[in-house]
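Letter by letter, the chains look like this.
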Amino acid sequence: MQQHADQYIGGAWRPTLGGGVLEVRNPATEAVIATVPAGTAADVDAAVAAARGAARAWGLTTREERLAPLTRLRDALAERQQQIAETVLAELGCPIGFATAVQAGLPLAVASSYVELLAGYEFQEKVGNSTVLSEPAGVVAAITPWNYPLHQVVAKVVPALAAGCTVVLKPAEDTPLVARLFAELVDAAGFPAGVFNLVTGTGVEVGAALAGHPGVDLVSFTGSTAVGRLIAETAGRGIKKVSLELGGKSANVVLPGADLGRAVNVNAANVFANSGQTCTAWTRLLVHQDQYEEAVAIAAKAAAKYAPGDPASPETRMGPVVSAKQRDRVLGYIRSGIEQGARVAAGGPETPEGLPTGYFVRPTVLADVTPEMTVAQEEIFGPVLSVIAYRDEEHALEIANGTEYGLAGGVWAADEETAVAFARRMDSGQVHVNGGQFNPQAPFGGYKSSGIGRELGRHGLEEFLQTKSLQF
Ligand code: NAD
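(A) Highlighting the layout of surface pockets. In this model, the second largest pocket occupies a volume close to 530 Å³. G59, L60, S134, E135 and P136 are, among the 24 residues lining the second largest pocket, the residues nearest its centre. Of all the secondary-structure elements, those providing two or more residues to the lining of the second largest pocket are α1 (41-59), α2 (63-79), β7 (130-136) and β21 (465-471). Of the residues that constitute the lining of the second largest pocket, the class distribution is eight nonpolar, eight polar and eight charged.

(B) A look at the sheet that holds strand β4 (residues 20-25). As summarised here, the arrangement of the three strands in space is β1-β5-β4, forming an open sheet in which the pairing is mixed. If you trace the sheet from one side to the other, it starts and ends with β1 (2-3) and β4, each paired once. As judged from the two bridges shared by β1 and strand β5 (residues 32-38), these two strands associate in the parallel manner. Directly across from Q3, in β5, lies its bridge partner T35. Sitting on the sheet, helix α6 (residues 176-189) is in contact with β1, β4 and β5, with an inclination near 65° to β5.

(C) How the structure looks around the pairing of strand β6 (residues 124-127). Where β6 and β7 come together, four bridges link them in antiparallel fashion. Bridging across to β7, Q124 finds its partner in L133. Hairpin remark: β6 followed by β7, antiparallel, with two residues in the connecting loop; positive phi at G128, about 60°.

(D) Just the nonpolar core, in detail. Counting 64 residues, the largest nonpolar core has L77, F182, F191 and F196 as its most contacted members. Among the elements that make up this core, the one with the highest residue count is helix α5 (residues 149-163) (10 residues). Two domains each provide a minimum of three residues to this core, namely domain 1 (2-246 + 450-471) and domain 2 (251-439). Look past the residues within four positions of L77 in its chain and what remains in contact with it is I84, P107, L108, A111, L150, V154, F182 and L185.

(E) Just the pattern of salt bridges, in detail. The final tally for this structure, using the stated rule, is 15 salt bridges. The salt bridge partner of R229 is E404, with a shortest N-O separation of 3.4 Å. Of this pair, R229 sits in helix α8 (residues 225-237) while E404 sits in the loop between α13 (393-400) and β18 (409-412), and the two are 175 residues apart along the sequence. Judged by its relative accessible area of 46%, R229 is partly exposed. E394 is the salt-bridge partner of R425, the closest N and O atoms lying 3.0 Å from each other.

(F) Region of interest: α2. Counted at 1.5 Å a residue, the expected span for α2 with its 17 residues is 24 Å, and the 24 Å between its end C-alpha atoms agrees. In the core, the buried residues of α2 are packed alongside α1, α3 (81-92), α4 (96-120), α5 and α6.

(G) Inspection of the packing of aromatic side chains at higher detail. Under the counting rule described, the total for this entry stands at nine aromatic pairs. Measuring from ring centre to ring centre gives 5.5 Å for F182 and F196, while their planes differ by 80°; the resulting arrangement is edge-to-face. Separated by 14 residues along the polypeptide, F182 in helix α6 and F196 in strand β10 (residues 196-198) bring together distant segments of the chain. An angle of 75° between the planes, with centres 6.2 Å apart, marks the rings of F438 and F444 as edge-to-face. For F438, a relative accessible area of 39% corresponds to the partly exposed category. Put simply, the rings of Y8, W13, F182 and F196 touch in pairs and so form one group of aromatic residues.

What counts, and where the lines are drawn
Residues numbered from 1 in each chain as written. Predicted model: local features only at pLDDT ≥ 70, side-chain atom pairs only at ≥ 80, totals over all residues. Heavy atoms only, no water. 1 Å grid on protein atoms, 1.4 Å probe; cavity = no way out; pocket = protein on both sides within 12 Å on 5 of 7 lines; lining within 4 Å. Points joined across faces, edges and corners; volume = space filled by probe spheres on them. Helix = DSSP H or I, 4+ residues; strand = E, 2+ residues; numbered from the N terminus. Nonpolar A, V, L, I, M, F, W, Y, C, P; charged D, E, K, R; others polar. Pairing = 2+ DSSP bridges. Contact = heavy atoms within 4.5 Å. Axes fitted to C-alpha atoms, helices over the stretch in contact; angles between N-to-C directions. Core = buried A, V, L, I, M, F, W, Y, C linked by side-chain atoms within 4.5 Å. Buried < 20%, exposed > 50% of the residue type's maximum accessible area, 1.4 Å probe, protein only. Domains from an automatic or database assignment. Salt bridge = Lys/Arg side-chain N within 4 Å of Asp/Glu carboxyl O. Expected span 1.5 Å × (residues − 1). Phe/Tyr/Trp six-rings, centres within 6.5 Å; stacked < 30°, edge-to-face > 60°.

Purely geometric stuff here, so don't read any function into it on its own.
Here's what the structure looks like:
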């Protein structure tokens, strides 16, 4: 078992100023595989002081001076793909295939996109008698969750560094190991001391101290809507910029005339990937009432392909959920669905056969779900698909837009024009049209309670900039 007692502050690994530890468990075996420090406000003070100390000089570097270490960091992410995948497998329980393709592959794609973007980005423009400068926002607090633990780190830290900001990262309690690996790669890439800092610890202690710290200029948070609200309140009091990537309850709407089989099978892949722990997961499948039973049957058949199992086996398509707490939460939602009248078409709250150890949940399809049920309104964050019938297109739109969230969604129609017309009326930050692929350079973020601000691509870089006008 690895026992770590240090934080990465001011360009070096230093003994933590806190005494406690966080245990990291392998969710497939329930074994403790590592401990990392549960940092304190004193660690946060030291990390913010280091970031503040480095901010002026790093903020005045040229694009080329930032590109050199960022390119080395990107190359290191490419070289360490296997180690990254194995680390995420161990601490998140993510199957090796998905861990390699997405948990390791996506951060590399995002880092590569920022190296390319930065090389051509203009940080000043002429407006009449003014020169408008895009300057770094300053010291960034990055607070991240556990479900895509390296992607969410890279999607904040890399554009922040590219913009000329300095960063203090607080990763999620359950997945600090891949964040520590990232810190090692940043260290080896040769950034000036203090430009990047890592403090592990709990949300209530380290996260809250960081979000409220007077030395922080911008808080970039990904996580639950409940914590996002607290962060926004704290940041508001400090007049800090804030960027929030929060929860979702995304709808996949299959309009009459669409390819139902493909739409439902793609939906199953989308919702069962990563054991349903995806903020953009299409957790609500909306189908016309005339096609309802056909859709439920296809979904139930598709769910059988996601039998949970050992994430280290290349055949496994679905591993456990991250923790016992998360498993109990997901099972509670499945039971609430049943109590409120949903029919279990696949899966259910029982422990999967042959898996007495590990936080495994059956891939579950709930039928006869109505829009007001708890399972149709709240984010479950587990492998649970709710199938909902609609009467006509207006009804489908009302249901699709009828939650507090607006992160993502899908729409399928016989022709693209019909699908796009529907997508334009969805209150959602991204919509996949007829199975369109995720694009790591397209702006990513939520409408309504799913967030404020955008990550990825040019929009993601600009979150970390502020403007100054020089008049001549
Ligand atoms: P969470 O909100 O509990 O925790 C997220 C992070 O915030 C963790 O690092 C945690 O330690 C920290 N935190 C907790 N309490 C805090 C506090 N009071 N002050 C400061 N920081 C605090 O969320 P989670 O359970 O780790 O992640 C799952 C959630 O994240 C889901 O709701 C999911 O939808 C959301 N998510 C959103 C996106 C997106 O881009 N929109 C992406 C992934 C996950």
